[in-house]
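One-letter residues, chain by chain:
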Amino acid sequence: MRVVIVTESFPPDINGVSHCALQTARQLVARGHEPLVVAPATAAGVDAAADPLSPCPVVRVPSLPLPGYPQVRVALPSRRLAAALSAHQADLVHLASPFVLGARGMAAATRKHLPTVAVYQTDIGGYARTYMGRGEATAWRRIRAVHAAADRTLAPSTAALTDLVAHGVPRVRMWPRGVDTDRFRPTLRDPALRRELAPDGELIIGYVGRLAPEKHVELLAQACGLDGVRVVVVGDGPSAGALRTALPGATLLGRRTGDELARIFASLDVFVHTGPLETFCQTVQEAMASGVPVIAPAVGGPLDLVVPGRTGILVPPGDAAAVRDAVWVMAADPELRAAYGAAGRAAVRGRTWDAIGDQLIAHYEEVLAERTAVAA
């Protein structure tokens, strides 16, 4: 099968869309399929023919940094997209979080009568509300227009599927995300790293992700004031400077990736996610794979991942006091932490990218079969 993956983000970017697009390409290659990725050009101008992290060819289209958030690149109109679809002789077009480049990809695929699978990943409406204080309805109109043109839309969680259906998006099915349970594992817990992060033996509470307004990492401020607790923040983004002031006593490690990140995850005592706009929340799943109990907001993707009283604690979104109290409950009960961590690891053991890749291929095959049946 020849598949063109049109994605709004791709490595070296670090975010959920980029990671999922990379894993999709890897899964296709591993099964003998022939993917091609089309993505915005990076700030460094990575050579399209030599993307070091990609398992397949990548076509980069011109892009500009998003004002106020330069880590995000926005694709400009380009003939390279349509040319790539033709040159690759695509059987199907996979649209990863389509909004700008993906919307153009949908239009190009429609003109060429190619089947399309659109993967919903980003709560653009919530981002519009967070950054502009308006525009949520406009964002959803665009989301609906793009996804309604797809043969199938894949939602990563029950909450995301419900939102899509409520906003009039048809033909929505579930497709969750995988996790690398070999990389993220409890045996990577590192006493030396723990002594470095918490020299007085404090309980280590960690957040991993972008440092941006929509993540509300400042909700950890009250937890910073708890006796015997050390807050560790991993990631970068436009809020990094403000968080150094907002989180007194916290350790900000900046961006970490790969095996180093896995070692940090496993060395935490509790993982806390604070953002309310997650359509899935991959870092929660990585914490669970690492055997770490989770505190997360009771909204969006975490509702499918965290089972209260078994793998972690869900708190009201935006409630700093609830986050603090949940941390205190975890801090006071090491047996509870151990039980939640073990149950979390068990819950995600079968959610490998290989298993999730099988589900994706099944969606592709169903879409192609439906197209064939209509043509007949």
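The structure presented is a predicted model; accordingly, all values stated were derived computationally and were not measured. Residue numbers here run from 1 along each chain, matching the order of that chain's written sequence. Totals for whole chains, interfaces and linings use all residues, but because this is a predicted model, local features are given only for residues with pLDDT of at least 70 and pairs of side-chain atoms are given and counted only at 80 or more. Derived side-chain values reflect all non-hydrogen atoms in the structure, with water molecules and hydrogen atoms excluded from consideration.

Time to look at the UniProt feature "domain: Glycosyl transferase family" (unreviewed entry) in the protein. UniProt positions are given in the numbering used here, feature names are shortened, and annotations may be inferred rather than shown by experiment. Residues given the UniProt feature "domain: Glycosyl transferase family" (unreviewed entry) here are residues 195-345. We count a stretch as a helix when DSSP gives it H or I for four or more residues in a row; a strand needs E for two or more, and each element gets its number in order from the N terminus. Counted over residues 195-345, helix gives 39% and strand 18%. Its end C-alpha atoms are 24 Å apart.

Moving on to the packing of helix α11 (residues 282-289) against helix α14 (residues 334-348). What counts as an axis is a line fitted to C-alpha atoms, over the stretch in contact for a helix, and the angles between N-to-C directions run from 0 to 180 degrees. One can describe the packing of α11 onto α14 by two numbers: an axis separation of 7 Å at closest approach and a directional angle of 110°. Here α14 runs roughly perpendicular to α11, going by the angle between their axes. Contacts between α11 and α14 involve Gln-285, Met-288 and Ala-289 from the first element and Gly-341, Gly-344, Arg-345, Ala-347 and Val-348 from the second. Only Asp, Glu, Lys and Arg are considered charged, only Ala, Val, Leu, Ile, Met, Phe, Trp, Tyr, Cys and Pro nonpolar, and every remaining residue, Gly among them, polar. Grouping the amino acids of the contact of α11 with α14 by side-chain chemistry returns 4 nonpolar, 3 polar and 1 charged. We call two directions roughly parallel when the angle between them is under 35 degrees, roughly antiparallel when it is over 145, roughly perpendicular when it lies between 65 and 115, and oblique otherwise. Any pair of residues with heavy atoms lying within 4.5 Å of one another is described as a contacting pair.

What follows deals with unusual backbone geometry. Residue Pro-12 follows Pro-11 across a cis peptide bond; omega there is 20°. If you trace the backbone, Pro-12 turns up in the loop between β1 (2-7) and α1 (16-30). For His-113, which is not glycine, the phi torsion reads 60° and is therefore positive. By the element assignment, His-113 lies in the loop between α3 (101-111) and β7 (116-119). With a relative accessible area of 64%, His-113 lands in the exposed category. The buried label goes to any residue with under 20% of its type's maximum accessible area, the exposed label to any with over 50%, and the partly exposed label to all in between, with areas taken from a 1.4 Å probe on protein chains only.

In this model helix α5 (residues 136-148) runs 18 Å from its N-terminal to its C-terminal C-alpha over 13 residues, within 8% of the 18 Å that 1.5 Å per residue would give. Turning to α5, its buried residues are Ala-139, Trp-140, Ile-143, Val-146 and His-147. Seen end-on, α5 carries its buried residues on one side only, within an arc spanning 130°. Tucked inside the fold, the buried residues of α5 contact α3, β7, α4 (124-132), β8 (152-155) and α6 (158-166). Every helix has an expected span of 1.5 Å times one less than the residues it contains. Directions are taken from the helix axis to each C-beta atom, and the arc is the one they span.

Whenever Lys or Arg places a side-chain nitrogen within 4 Å of a carboxyl oxygen from Asp or Glu, that contact is recorded as a salt bridge. Enumeration over the complete set of coordinates arrives at 15 salt bridges. Of the charged contacts, one joins Arg-263 and Asp-190 as a salt bridge, the two residues approaching to 2.7 Å between their closest N and O atoms. With Arg-263 in helix α10 (residues 258-266) and Asp-190 in the loop between β9 (172-174) and α7 (191-197), the pair connects residues that are 73 residues apart, well separated along the chain. Across the pair Arg-256 and Glu-260 runs a salt bridge, and its minimum N-O distance is 2.9 Å. Classification of Arg-256 by relative accessible area gives partly exposed; the value is 26%. You can call Glu-260 partly exposed: its relative accessible area is 37%. The network of salt bridges with common partners includes Arg-152, Arg-173, Glu-366 and Glu-370.

Turning our attention to the sheet that holds strand β12 (residues 251-254). The strand order across the open sheet formed by 6 strands is β12-β11-β10-β13-β14-β15, and the pairing between neighbours is parallel. Two strands close off the open sheet at either side, each with one partner strand: β12 and β15 (312-315). Sheet twist, expressed as the average angle between the axes of neighbouring strands with direction ignored, equals 20°. Note: two strands are recorded as paired if DSSP finds a minimum of 2 bridges between them. Alignment of strand β10 (residues 203-208) against strand β13 (residues 270-272), held across 2 bridges, turns out to be parallel. Looking across to β13, one finds that Ile-205 is bridged to Val-270. The strands that α11 touches are β10, β13 and β14 (294-297); relative to β14, the one it contacts most, it runs at about 165°.

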